[in-house]
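Structure at a glance
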Amino acid sequence: NLSEKLDKALHVLKGHGQITEINVAETLKEVRRALLDADVNFKIAKEFTNTVKEKALGQDVLTALQPGQLMVKLVKDELTQLMGGDVEGINLSGDPSVVLMSGLQGSGKTTFSGKLASYLKTKKTKKPLLVACDVYRPAAVDQLHVVGDQIGVEVFSDRGNTDPVAISKAGIAYAKANGHNVVIIDTAGRLAVDEEMMNEIANIHKAINPQETLFVVDAMTGQDAVNTAKAFNDILNFDGVILTKLDGDTRGGAAISIKSVVNKPIKFIGTGEKMDAIDVFYPARMAERILGMGDVVSLVERAQEQFDEEESRKIQKKIAKNQFGFDDFLSQIQQIKKMGSIKDLMGMIPGAGKALKGLDIDDDAFKHVEAIIHSMTPLERATPAKLDASRKKRIAKGSGRSIQEINQLLKQFDQMSKMMKMMQGGGGKKMMQMMGA
Ligand code: GDP
Ligand code: MG
């Protein structure tokens, strides 16, 4: 992962009293490679290493007492700079201040709307109102009401109304009439960027002219997060980014690119499902996290574009140890989709691909499966056994799929895990029988 690679790259310098210009250049080449591997855009990575090099030479790294440590500091400072430098708050100068949420389905908009309302409520001068503008799924309105009840914040909704522009306007009018000085507008997302969603959010944006438009993105989605951010920014010219699901093992590699590509600050991060799992984004802390040591599976690895041998081996290992989870499942699906026509390619994919072949899954089914998995928490993805009735209910709400579909997916997942295990154990014959071949 990125940390290990950077660590390795800097290792050359750490503890070496003698340091040469060639040494610095070599090290920076490794740092650059690590950033590229982490899905950081080529240009950004190049600029990054050039800047560090200039600074290194400017600060006489070559003659410093502890050149390695100085280099580490330079890399960390520069990473910090890359992710935004200073901390930026949100603009709440309006009366009422209107905050508009945007982002894909499952990114965490509804959850973050609640977190932000709760966060602002503790500042005694703020009286927030939540407005439910996800009109496509009745469950979405329910979800926001549940959140509102939980944190003691009023929720404005209009179940008969299917026009999100009208609802957002009515919500703001209601806020004015009832002394709410912050209005948080929760909107609908799609699984991928599409014209309908973009038009809808653009229309709301135009109609209400919010003080603060926030783009919410799942930190676990890697390079996709950057592409989505760009698409939304082109339409909305948003004010800030909310990076969610940074709890657990997620390293936050996405933060590096997003800021550079859209040049908008990351303002808050989400670090859990609960309403208090919200943190102001500190670039320096994130740089430390990215450079942090450890052996956890990183975002970088999750976002890896191709099936390389290492990936395949890793998955085999996980299968053997019964650690194959929904994240792996999801990444397999994403890999397969990226590679083009599913049927043609099934046979090419090592390990899981062969097992998937036995299951009749088409592109549409993928979408539903992805929706369900996106609505799971990292914990649930890693340990599907934890999915009890109440968790399933929550996931059903979040993904817009039925409990039956979730049960079906769990069954499929279970079958797939078993099949893969069998294949590993040399039980190829038995599996062929199972698949009816
Ligand atoms: P929306 O479709 O954009 O409104 O997304 P939701 O707010 O419904 O969130 C989708 C799923 O992600 C839900 O199951 C949330 O509980 C979960 N979620 C949201 N933010 C976080 C977070 O920061 N950490 C974790 N672990 N889960 C989160
Ligand atoms: Mg929602």
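Before going into details, it helps to say that this report is about the structure given with it. This structure is a prediction, so every number in the text was calculated from the model and none was measured.

Quick look at the site of ligand 1 now. Near ligand 1 lie 21 residues; those nearest to it are Gly108, Lys109, Thr110, Thr111 and Gly270. In terms of residues, the shell around ligand 1 owes the most to one element, helix α5 (residues 109-121), which gives three residues. Along the lines of polarity and charge, the residues of the shell around ligand 1 split into two nonpolar, 15 polar and four charged. Both domains that meet at the shell around ligand 1, namely domain 2 (97-291) and domain 3 (304-434), each give it at least three residues.

If you trace the eight strands from one edge of the open sheet to the other, you get β3-β2-β4-β1-β5-β6-β7-β8, paired in mixed fashion. Each edge of the open sheet carries a strand with a single partner, namely β3 (155-156) and β8 (278-280). Direction of pairing for strand β2 (residues 128-133) relative to strand β4 (residues 182-187): parallel, over a ladder of six bridges. Residue pairing for β4: cysteine 133 is matched across the bridge by threonine 187. Sheet contacts for helix α9 (residues 223-236): β1 (97-102), β5 (212-218) and β6 (240-244); angle to β5, the most-contacted strand, approximately 160°.

Further remarks concern the environment of leucine 28. Position of leucine 28 relative to the elements: it lies in helix α2 (residues 21-37). Of the residues examined, leucine 28 has 21 C-beta atoms within 10 Å and is grouped as buried.

What follows covers the environment of leucine 409. Along the chain, the position of leucine 409 falls in helix α20 (residues 403-424). According to the C-beta neighbour criterion, leucine 409 is buried, with 21 such atoms within 10 Å. Spatially, the C-alpha atoms of leucine 409 and isoleucine 372 are 8.7 Å apart, while their sequence positions differ by 37 residues. Excluding its chain neighbours within four sequence positions, the residues that come into contact with leucine 409 are Val369 and Ile372.

Here the amide bond leading from aspartate 95 into proline 96 is cis, since omega sits at 0°, within 30 degrees of zero. The residue proline 96 is located in the loop between α4 (67-82) and β1 in this model. In this structure, asparagine 209 is a non-glycine residue whose phi angle is positive, near 45°. Here asparagine 209 shows up in the loop between α8 (195-208) and β5. Given 10 C-beta atoms within 10 Å, asparagine 209 falls into the exposed group.

Calculation rules
- Residues numbered from 1 in each chain as written.
- Chains lettered and ligands numbered in written order.
- Predicted model: local features only at pLDDT ≥ 70, side-chain atom pairs only at ≥ 80, totals over all residues.
- Near = placed C-beta within 6 Å.
- Helix = DSSP H or I, 4+ residues; strand = E, 2+ residues; numbered from the N terminus.
- Nonpolar A, V, L, I, M, F, W, Y, C, P; charged D, E, K, R; others polar.
- Domains from an automatic or database assignment.
- Pairing = 2+ DSSP bridges.
- Contact = placed C-beta atoms within 7 Å.
- Axes fitted to C-alpha atoms, helices over the stretch in contact; angles between N-to-C directions.
- Buried ≥ 20, exposed ≤ 12 C-beta atoms within 10 Å, placed from the backbone.

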